[in-house]
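# Structural overview for review
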Amino acid sequence: MMRARRNPSQGGVDDDLGGALQLWRDAIRARRNAEAFERLQAARKRVARNTDDDWEWLAAALADPEKKWFVAHVFGRQPVPRRLFGSMMRAAVIDVDPSTNRWLLEPCLETFGRAAVIEELGWLKQSGEVPGQRIEWALYWCTREVERLRGTSRS
């Protein structure tokens, strides 16, 4: 089990993303919502000083069925960097639950726009990497995003 390293010069902000993930998970499991939120905020702030290794960790985490949710939450309230766009989109369509893939798609829609997301979905479909049905599920959220922005959503 990985132990989180703490950097005392930053008031307890986790020094590595794996540690930040573990502390966030622990807070979620213990239903310490305020602490979980603080952990996400620390991870969001940390993005500005990410190293190449950190970016690689984030991309790899998006390929992991559990870790990807941490990344989705980190970028749920800030722009998705271009270097994670493809990994985030792949994570969204590989997800087997068509109702949860929105947590990975919405940050991409907000950062890059509907056209870029649809183009990436088309590329993923063409590559044969992902079953077509999962692409259709993702496209649903693209339509929902447009409705939400226009104020025409029915839900």
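Summary of the structure given here. Every chain is numbered independently, its residues counted from 1 as its sequence is written. Under the rules for a predicted model, residues below a pLDDT of 70 receive no local features and side-chain atom pairs below 80 are neither given nor counted, while totals for whole chains, interfaces and linings still include all residues. To get the side-chain values, all heavy atoms of the structure are used, and hydrogens and water are removed first.

### Quick word on the packing of helix α6 (residues 102–112) against helix α7 (residues 114–127)
The line we're drawing: To obtain an axis, a line is fitted to C-alpha atoms, over the contacting stretch when the element is a helix, and the angle between two such axes runs from 0 to 180 degrees between their N-to-C directions. What counts as a helix is a DSSP run of H or I of at least four residues, what counts as a strand is a run of E of at least two, and both are numbered from the N terminus. Should an angle lie under 35 degrees it is considered roughly parallel, over 145 roughly antiparallel, and from 65 to 115 roughly perpendicular; all remaining angles are considered oblique. Here, two residues are considered to be in contact whenever any of their heavy atoms come within 4.5 Å of each other. Amino acids are sorted into nonpolar (Ala, Val, Leu, Ile, Met, Phe, Trp, Tyr, Cys and Pro), charged (Asp, Glu, Lys and Arg) and polar (every other residue, Gly among them).
It is at 7 Å that the axes of α6 and α7 come closest, and there the two elements cross at 125 degrees. By the criterion of interaxial angle, the relationship of α6 to α7 is oblique. Residue-level contacts link L105, C108, L109 and F112 of α6 to R114, A116 and V117 of α7. For the contact of α6 with α7, the per-class residue count stands at 6 nonpolar, no polar and 1 charged.

### Digging into the pattern of salt bridges
Oppositely charged side chains can pair when the atoms bearing their charge come close. Short version of the rule: Whenever Lys or Arg places a side-chain nitrogen within 4 Å of a carboxyl oxygen from Asp or Glu, that contact is recorded as a salt bridge. Here's how the labels work: a residue is buried when its accessible area is under 20% of the maximum for its type, exposed when over 50%, partly exposed in between, all with a 1.4 Å probe on protein chains only.
The full count for this structure, using the stated rule, is 8 salt bridges. R32 serves as the salt-bridge partner of E35, at 2.5 Å between the closest nitrogen and oxygen. For R90, the salt bridge identified is with E129, shortest N-O distance 2.8 Å. Taken as a pair, R90 in helix α5 (residues 82–94) and E129 in the loop between α7 and α8 (132–150) lie far apart in primary sequence, 39 residues in all. Looking at R90, the relative accessible area reads 25%, which means it is partly exposed. Overall, E129 belongs to the partly exposed group, its relative accessible area being 41%. Through salt bridges with shared partners, a single network forms among R32, E35 and R39.

### Some remarks on the state of the cysteines
Condition: The disulfide criterion used throughout: a pair of cysteine sulfur atoms within 2.5 Å.
In this structure the tally under the stated criterion is 0 disulfides. Unpaired in this structure, C108 has its nearest cysteine sulfur neighbour in C142, at a distance of 9.7 Å. For C108, a relative accessible area of 0% translates into the label buried. Overall, the relative accessible area of 1% leaves C142 in the buried class.

### Comments concerning the packing of aromatic side chains
Cut-off, in case you're wondering: Aromatic contacts are taken between Phe, Tyr and Trp rings whose centres are within 6.5 Å, Trp giving its six-membered ring; a plane angle under 30 degrees counts as stacked, one over 60 as edge-to-face, and the others as tilted.
Overall, the coordinates contain 4 aromatic pairs when judged by the stated rule. For the ring pair W24 and F70, a centre distance of 5.5 Å and an interplane angle of 55 degrees mean the geometry is tilted. In this pair, W24 is assigned in helix α1 (residues 17–29) and F70 in helix α4 (residues 67–74), connecting sequence segments 46 residues apart. Neither W24 nor F70 differs from the other in exposure class; each is buried. Note on F85 and F112: the rings are 4.4 Å apart at their centroids and 50 degrees apart in plane angle, and the pair reads as tilted. Separated by 27 residues along the polypeptide, F85 in helix α5 and F112 in helix α6 bring together distant segments of the chain. Across the pair, exposure class does not vary: F85 and F112 are buried alike.

### Observations regarding the packing of α4 against α6
Which entries qualify depends on this criterion: Each helix crossing is assigned a hand: it is left-handed if the near helix lies turned anticlockwise from the far helix by less than a right angle, otherwise right-handed if that turn is clockwise.
Axis separation between α4 and α6 bottoms out at 9 Å; the angle between their running directions is 35 degrees. The hand of the α4/α6 crossing is left-handed. Along the contact surface, α4 presents K68, W69 and A72, while α6 presents W103, L104 and P107. Residue classes in the contact of α4 with α6 are distributed as 5 nonpolar, no polar and 1 charged.

By themselves, these are just geometric observations and shouldn't be taken as functional.
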